[in-house]
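What follows is the residue order along each chain.
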Amino acid sequence: MVNTAVVFAVLVAAIWGAESEYIEYNTTQRIVSGKINVHLVPHSHDDVGWLKTVDQYYVGANNSIRGACVQNVLDSMISALLEDKNRKFIYVEMAFFQRWWRQQSKAMKIKVKELVNSGQLEFINGGMCMHDEATPHYIDLIDQTTLGHQFILEEFGKVPRVGWQIDPFGHSAVQAYLLGAELGFDSLFFARIDYQDRAKRLKEKTLEFIWRGSRSLGSSSQIFTGIFPRHYDPPDGFTFEINDVSPPIQDDILLFDYNVQERVNDFVSAALAQANVTKTNHIMWTMGTDFRYQYANSWFRQMDKFIHYVNQDGRVNALYSTPSIYTDAKYAANEYWPLKVDDFFPYADHPNAYWTGYFTSRPALKGYVRVMSAYYQAARQLEYFKGRNETGPNTDALADALAIAQHHDAVSGTERQHVASDYALRLSMGYAEAERLVSSALASLVNQRSSSHRVNPVTDFQQCPLLNISYCPPSEATLVNGKSLVIVVYNPLAWNREDVIRIPVSTGQVFVQDFAGKKIESQLLPLSNATLTMRKHYVRAYIGKSPGGDELKYWLAFPVSVPPLGFSTYIVSSSKQSCHSSTISKMYRSEGSANNNKSIEVGQGNLTLLYTADEGKLAQYVNSRTLVKTSVEQSYNYYSGNDGTDKDPQASGAYVFRPNGSFPIKSNHQESLTVLRGPILDEVHQQLNPWVSQITRIFKAKEHAEIEFTVGPIPVDDGIGKEIITQFKTTMKTNKTFYTDSNGRDFIKRIRDFRTDWDLQVNQPIAGNYYPVNLGIYVQDSSMEFSVLVDRSVGGSSLEDGQMELMLHRRLLHDDARGVGEVLNETACIANKCEGVTIQGKLYLRIDPIGEGAKWRRTVGQELYSPLLLAFTEQDGDNWLHFSPSTFSGIDSSYSLPNNTALLTLQEFKNGKVLLRLAHLYEIGEDKNYSVTASVELKKLFPNKKINKVTEMSLSANQERAEMEERKLNWKVDGFTEEPKVVRGGPVDPSKLEVELAPMEIRTFFIDFNPLQTVTEAENHVAM
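The model shown is predicted, which means the values in this text are computed figures rather than measured ones.

As a further point, take the sheet that holds strand β4 (residues 162-164). Spatially, five strands are ordered β4-β5-β7-β6-β11 in an open sheet, and the strand pairing comes out mixed. At either margin of the open sheet sits one strand with a lone partner, and together these are β4 and β11 (339-340). Across four bridges, strand β5 (residues 187-190) lies against strand β7 (residues 223-227) in parallel orientation. Each bridged residue has a counterpart across the sheet, and for Phe190 the counterpart in β7 is Ile227.

In structure tokens form, the structure reads like this:
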């Protein structure tokens, strides 16, 4: 009937001489008070790797996987914007835009800059990628964002105003305050939140709110936050890529299917529906989704028409917009907004689909990213000390590789295997160049400070990137002809550091001396079978051949003392007399004693661990200094991954953790444990089964235990995917409460089966209580706190009082139907023979009296993130002792940063400016001694340079902090009660040059030096 009427109308129109003619669409931007304003925000969500690699996505290669070409998106979008000055577009991922920009002509660059200056093209978020929020470390988030923001500033002179984290699978407190407010962002938008949370917020109109992510910084670091009502695509019926099925506006009166009024009605209806769940008369439509606008005109043609006809209709107002314009409109409404604290983890999109598996997925990649992140920080420091060289080796390639590795389908572990391999390859290439820089920088520093009479200047240092699998050619080499092995130990922290290093050696006839020729006590520890097996297999996998011979016998362990931002030198020499050699560890084996009352004590310092003699299990933790004495047990278990064959077809996969039963991993042979004892440390070796083993280390001078676990290859020949966990159990009464870190920064209180913002309906009591852990997890009761620190991102929880568990590895056989379309079944292949990947990692545990644990978590947490860097060279005899400097420190030799602060960044920029970031490590109330304002003396950080000017910047160093604070929007908070006074460090006095840091504060500065003048102790007044 309707079709007949339309045909009749067209025939009548034709009879009366109607003509098809050009229509000039009125797309003028305007906001109309008193009407619903529909902000149309054209965007394309371009993953920096996922199903294809970053470069495949850019050039449009490998389209059998997906027909996506970002180059087409950018070409097409720019062309469409140039056609109409009212059109707008936002772009997010600088890794792609930078690739495109490099290829453009000068003429095109001028046009694009005009689009940016006019506001037609706006950079949003502005990092190299849209980073994940669960699995990266906060320093990596800062670095990848800074890299993108500096590119935008250098090329366009612009500063992004808005955060756009539309796709990550849960959202962190650190994202809100640090990667939001501290960047100068006025707002933050995203799509994914728990389905129960979304339902409540839709009902209560609380999808938009003020988020205070930091307990310490409070309202000084809050941000307006908006969640999309459904996802980051348009409402149903308004997607217009070439092959999309939404009906276009057909407004040619001479053609069939004329539908202007029908489509206007659809638009108004969708707008009213969204307005009903949104405060104020402004709503945002995200006009785009993954890899859209490859033919941009198909979108803009329709949006032109909708704006034109909807505004003619007059019931609502439509306009081209950006999130910045939308934010300003919301702010101008002078509305009160609800308050949000803590974070948005865990995320579930379905009752049985908690996206908590990816907290652990691809643990090898997660570990590699963390190791490379630490190396990058150290390499940047050495690059600064040596002097940046644009033509020689530098840190740029590693910076780029680390930046895209923070993408929400990279370090998250949710990409396809060939894409994960691509991220790892880029990291290894970046490392190779940075390694050359580090070697030359160390050689330069050594030679600069050596005696002018030195006979053999150092020309090169070797490093050992495979030391984690016990492979280090320079330390394993046999010392002949009186040569000695020289080890330079670099400390990237701005504190004095006492630690123990371990290197593999091929003989027990060695001894260690410090830089002054004093013999250092050292210890030899035989390698475990698991260590040797992993070394043999993975060295061949990495370098294509087995490690030379079967010479490797021991780990050589010895204590080192290293100054801040500096190095110490140690010499390993051959010993002809065994009485001069390192101490070989004494070995004790427990094979199931018949006397069940006996226990095995391990540890010769303040910390002692007790193991049962009959089963060889950890039983008790004793610290003689703090008088902590408590029972503690450790076990390994696995969850069988749900295969999705029950009533709900949801399987466990790369994203989703859906366990289907828990099973203990027990020792399947009599030899329960082997104990090695020596003057430096004790080790407990345990082999639970052929694919799970661990070494527990108790250092004489430390009060925590180090557990090195080796898990894999996980067997799946029984057809069951497995998710491996380790559990620690105590008798502590923890009242369902535990604490996990946010991106390695703030600790957030978690309560089992509870959410702050809504009444949780518990469907998955295990997966629904898992949280991301990047630094550590702890529980406490009225007398003690039990902490476990990690060496990479993992998932963790406390599922019973007094218990903590961490997921270490996952190998699954089913896809979880969240888009990656590939099973998470990582393998390592040698000569066409493949087996499941083996993971070796470390956990660190300590039990303290209540209120005393934070100091250990924060101090050791920094040391774990920034391990000592080792470099090796050989020298003739004692040549080094005669001519080398004793030590080097890049800061004043009498100075060390306060114990509650850290130097995060020391980097020389291309323009010669030096970027300095300093951080306070504690939250308010976290520690009775250290949760106080600290002071850092810049003159002592740069003792031999004349400081001309110190300029405080935003976190990404793209605007002056003072200007950022001046522009900050002052939002009204609903039901707001007076908060405790927020403390911030004051301005830097140009005379004293001291930086104050309040709890959880990170401050960023550009330092300008006088290149012609050095100072020793003179006081200098500088410009600020």
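Following the structure, the description resumes.
What follows concerns the nonpolar core. Counting 133 residues, the largest nonpolar core has Tyr91, Phe97, Leu121, Phe267, Trp285 and Phe786 as its most contacted members. The residues contacting Phe97, other than those within four sequence positions of it, are Leu74, Tyr91, Val112, Leu121, Phe123, Phe151 and Phe156. Core analysis: the next-biggest nonpolar cluster, separate from the first, contains 93 residues, Ile139, Ala443, Phe461 and Ile947 among them.

In the structure shown here, the tally under the stated rule is 56 salt bridges. The salt bridge partner of Glu182 is Arg961, with a shortest N-O separation of 2.9 Å. Here Arg961 lies in helix α20 (residues 961-967) and Glu182 lies in the loop between α7 (173-177) and β5, a separation of 779 residues in the sequence. In this structure, the salt-bridge partner of Lys940 is Glu937, at a minimum N-O distance of 3.8 Å. Residue class for Glu937 comes out partly exposed when judged on its relative accessible area of 27%. Here the residues in one salt-bridge network are Glu182, Arg961, Glu965, Lys968, Arg984 and Glu1001, joined through shared partners.

Helix α13 (residues 396-405) packs onto helix α12 (residues 363-386) with a crossing angle of 140 degrees between their chain directions and a minimal axis gap of 10 Å. When the axis of α12 is compared with that of α13, the two are oblique. For the element pair α12 and α13, the recorded crossing hand is left-handed. Where α12 approaches α13, its residues Val369, Met372, Ser373, Tyr375 and Tyr376 are matched on the opposing element by Leu398, Ala399, Leu402 and Ala405.

Counted under the stated rule, the structure contains 57 aromatic pairs. Here the aromatic cluster, defined as three or more aromatic residues joined through ring pairs, consists of Phe89, Phe238, Phe240, Phe267, Trp285, Tyr293, Trp299, Phe300, Phe306 and Tyr320. The ring centre of Phe699 lies 4.6 Å from the NZ or CZ of Lys702, which sits over that ring. The ring of Phe747 carries Arg857 above its face, with NZ or CZ at 5.5 Å from the centroid.

Our next topic: the sheet that holds strand β46 (residues 914-920). The four strands are arranged β45-β46-β51-β48 in an open sheet whose pairing can be described as antiparallel. Only two strands of the sheet have a single partner each, and these edge strands are β45 (901-908) and β48 (947-953). The sheet shows a mean angle of 25 degrees between the axes of neighbouring strands, taken without regard to direction. By the bridge criterion, six bridges tie β48 to strand β51 (residues 1002-1009) in an arrangement that is antiparallel. Bridging from a neighbouring strand, Met953 pairs with Thr1004 of β51. α12 rests against β45, β46 and β51 of the sheet, and its axis sits at about 55 degrees to β45.

Here we come to the pairing of strand β42 (residues 839-849). Most of β42 sits out of view: nine of its 11 residues are buried. Here strand β31 (residues 705-711) pairs with β42 via seven bridges, running antiparallel. Opposite Ala705, over in β42, you have Leu845 as the bridge partner. As paired strands, strand β37 (residues 784-790) and β42 are joined by seven bridges and run antiparallel to one another. Bridge pairing links Leu789 to Tyr844 in β42.

Before going further, it helps to examine the state of the cysteines. Each disulfide is one covalent bond, formed between the sulfur atoms of two cysteines. With the rule as written, the count across this model stands at two disulfides. Each disulfide pairs two cysteine sulfurs, and for Cys464 the partner residue is Cys472, the sulfurs being separated by 2.0 Å. The sign of the S-S torsion, about 60 degrees, decides the handedness of the disulfide formed by Cys464 and Cys472: right-handed. On the basis of relative accessible area, Cys464 is assigned to the buried category, the value being 12%. Across the disulfide from Cys829 sits Cys834; the S-S distance is 1.9 Å. Across the S-S bond linking Cys829 and Cys834, the dihedral sits near 105 degrees, which makes this disulfide right-handed. A relative accessible area of 41% means that Cys829 is categorised as partly exposed. A relative accessible area of 44% places Cys834 in the partly exposed class. Cys129 provides the cysteine sulfur closest to Cys69, a residue in no disulfide bond, and the two sulfurs are 20 Å apart. By relative accessible area, which is 6% here, Cys69 ends up buried.

This part takes up empty space enclosed by the protein. With the rule as written, the count across this model stands at nine cavities of 30 Å³ or more. As a volume, the largest cavity reaches approximately 90 Å³. Lining the largest cavity are Phe189, Leu207, Glu208, Gly226, Ile227, Phe228, Pro229, Gln274, Thr278, Ile283, Met284 and Tyr326. At the level of secondary structure, the elements contributing two or more residues to the lining of the largest cavity comprise β7 and β8 (282-287). Across the lining of the largest cavity, the residue classes tally to eight nonpolar, three polar and one charged.

What counts and how
Residues numbered from 1 in each chain as written. Predicted model: local features only at pLDDT ≥ 70, side-chain atom pairs only at ≥ 80, totals over all residues. Heavy atoms only, no water. Pairing = 2+ DSSP bridges. Helix = DSSP H or I, 4+ residues; strand = E, 2+ residues; numbered from the N terminus. Core = buried A, V, L, I, M, F, W, Y, C linked by side-chain atoms within 4.5 Å. Buried < 20%, exposed > 50% of the residue type's maximum accessible area, 1.4 Å probe, protein only. Contact = heavy atoms within 4.5 Å. Salt bridge = Lys/Arg side-chain N within 4 Å of Asp/Glu carboxyl O. Axes fitted to C-alpha atoms, helices over the stretch in contact; angles between N-to-C directions. Parallel < 35°, antiparallel > 145°, perpendicular 65-115°, else oblique. Left-handed = near helix turned anticlockwise from the far one by under 90°. Phe/Tyr/Trp six-rings, centres within 6.5 Å; stacked < 30°, edge-to-face > 60°. Lys NZ or Arg CZ within 6 Å of the ring centre and 35° of its normal. Disulfide = S-S within 2.5 Å. 1 Å grid on protein atoms, 1.4 Å probe; cavity = no way out; pocket = protein on both sides within 12 Å on 5 of 7 lines; lining within 4 Å. Points joined across faces, edges and corners; volume = space filled by probe spheres on them. Nonpolar A, V, L, I, M, F, W, Y, C, P; charged D, E, K, R; others polar.

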